[in-house]
Amino acid sequence: MSTTQNFTVTGMTCGHCVASVTEEVSEIAGVETVEVDLATGNVAVTSSQALEDDAVRAAVEEAGYALA
Ligand code: 9UX
């Protein structure tokens with residue numbers, strides 16, 4: 001059973017930003033899919049377990065961006 005959680009990332013302005021965030025968030029344990037909407041900054045993450053906000057925050061910051 002997968003769960004979907006949505007986060008808002010600030011600072012993304014191009015497709016390479018999207019790729020970086022997608023790559024980092026995808027590495028979090030349990031994550032199955034990552035869908036990033038560049039226009040809104042929404043990041044929809046499906047995972048096999050609930051994600052800690054701090055884990056997502058760390059991944060987003062590793063990519064060079066921030067959680068709203
Ligand atoms: Mo695109 Mo994003 O050149 O920080 S990678 S703006």
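By convention here, each chain's residues receive numbers from 1 onward along its written sequence. Under the rules for a predicted model, residues below a pLDDT of 70 receive no local features and side-chain atom pairs below 80 are neither given nor counted, while totals for whole chains, interfaces and linings still include all residues.

**Observations concerning helix α2 (residues 53-63)**
Then comes step 1: Put simply, a residue is buried when 20 or more other C-beta atoms lie within 10 Å of its own C-beta and exposed when 12 or fewer do; between those, it is partly exposed, and each C-beta is set from the backbone. Helix numbers and strand numbers start at the N terminus; a helix is a DSSP run of H or I with at least 4 residues, a strand a run of E with at least 2. Taken together, the buried positions of α2 are Val56, Ala59, Val60 and Ala63. Here the buried residues of α2 occupy an arc of 95 degrees about the axis, which is enough to place them on one side.
Then comes step 2: Whether two residues are in contact depends on their C-beta atoms, placed from the backbone: they are in contact if these lie within 7 Å. The secondary structure elements touched by the buried residues of α2 are β1 (3-10), α1 (15-26) and β4 (66-67).
Then comes step 3: Positive backbone phi, approximately 105 degrees, marks Gly64, located one or two places after α2. Summarising the geometry, the arc corresponds to the directions from the helix axis toward the C-beta atoms.

**Side note on the packing of α1 against α2**
When two helices pack together, their arrangement is given by the angle between their axes and by how far apart the axes lie.
Then comes step 1: For the pair α1 and α2, the least separation of the axes is 8 Å and the interaxial angle reads 140 degrees. Taken together, the axis directions place α1 and α2 in an arrangement best described as oblique. Of the two possible hands of crossing, α1 and α2 adopt the one that is right-handed. Contacts between α1 and α2 involve Ser20, Val21, Glu24 and Val25 from the first element and Val56, Ala59, Val60, Glu62 and Ala63 from the second.
Then comes step 2: When residues are sorted by character, Ala, Val, Leu, Ile, Met, Phe, Trp, Tyr, Cys and Pro go into the nonpolar class, Asp, Glu, Lys and Arg into the charged class, and all the rest, Gly among them, into the polar class. In terms of residue class, the contact of α1 with α2 is made up of six nonpolar, one polar and two charged. Orientation is described by axes fitted as lines to C-alpha atoms, over the contacting stretch for helices, and by angles from 0 to 180 degrees between their N-to-C directions. For classification, angles of less than 35 degrees are called roughly parallel, those exceeding 145 degrees roughly antiparallel, those between 65 and 115 degrees roughly perpendicular, and all remaining angles oblique. Two helices that cross are described as forming a left-handed crossing if the nearer one is turned anticlockwise from the farther one by less than a right angle, and a right-handed crossing if clockwise.

**What about the site of the ligand?**
Then comes step 1: Lining the immediate environment of the ligand, one finds Thr13, Cys14, His16 and Cys17.
Then comes step 2: A per-class count over the shell around the ligand returns two nonpolar, two polar and no charged. Throughout this description, a residue near a molecule or strand is one whose C-beta atom, derived from the backbone, lies within 6 Å of it.

**Notes on the UniProt feature "domain: HMA" (unreviewed entry) in the protein chain**
Then comes step 1: UniProt positions are given in the numbering used here, feature names are shortened, and annotations may be inferred rather than shown by experiment. In the numbering used here, UniProt assigns the feature "domain: HMA" (unreviewed entry) to residues 3-68.
Then comes step 2: Its end C-alpha atoms 21 Å apart, residues 3-68 is made of 35% helix and 33% strand.

**Here's the deal with the environment of Thr13**
Then comes step 1: Looking at where Thr13 falls in the secondary structure, it is placed in the loop between β1 and α1.
Then comes step 2: Exposure remark for Thr13: the 9 C-beta atoms within 10 Å place this residue in the exposed category.
Then comes step 3: Note: C-alpha distance between Thr13 and Gly41 (28 residues apart in sequence) is 9.2 Å.

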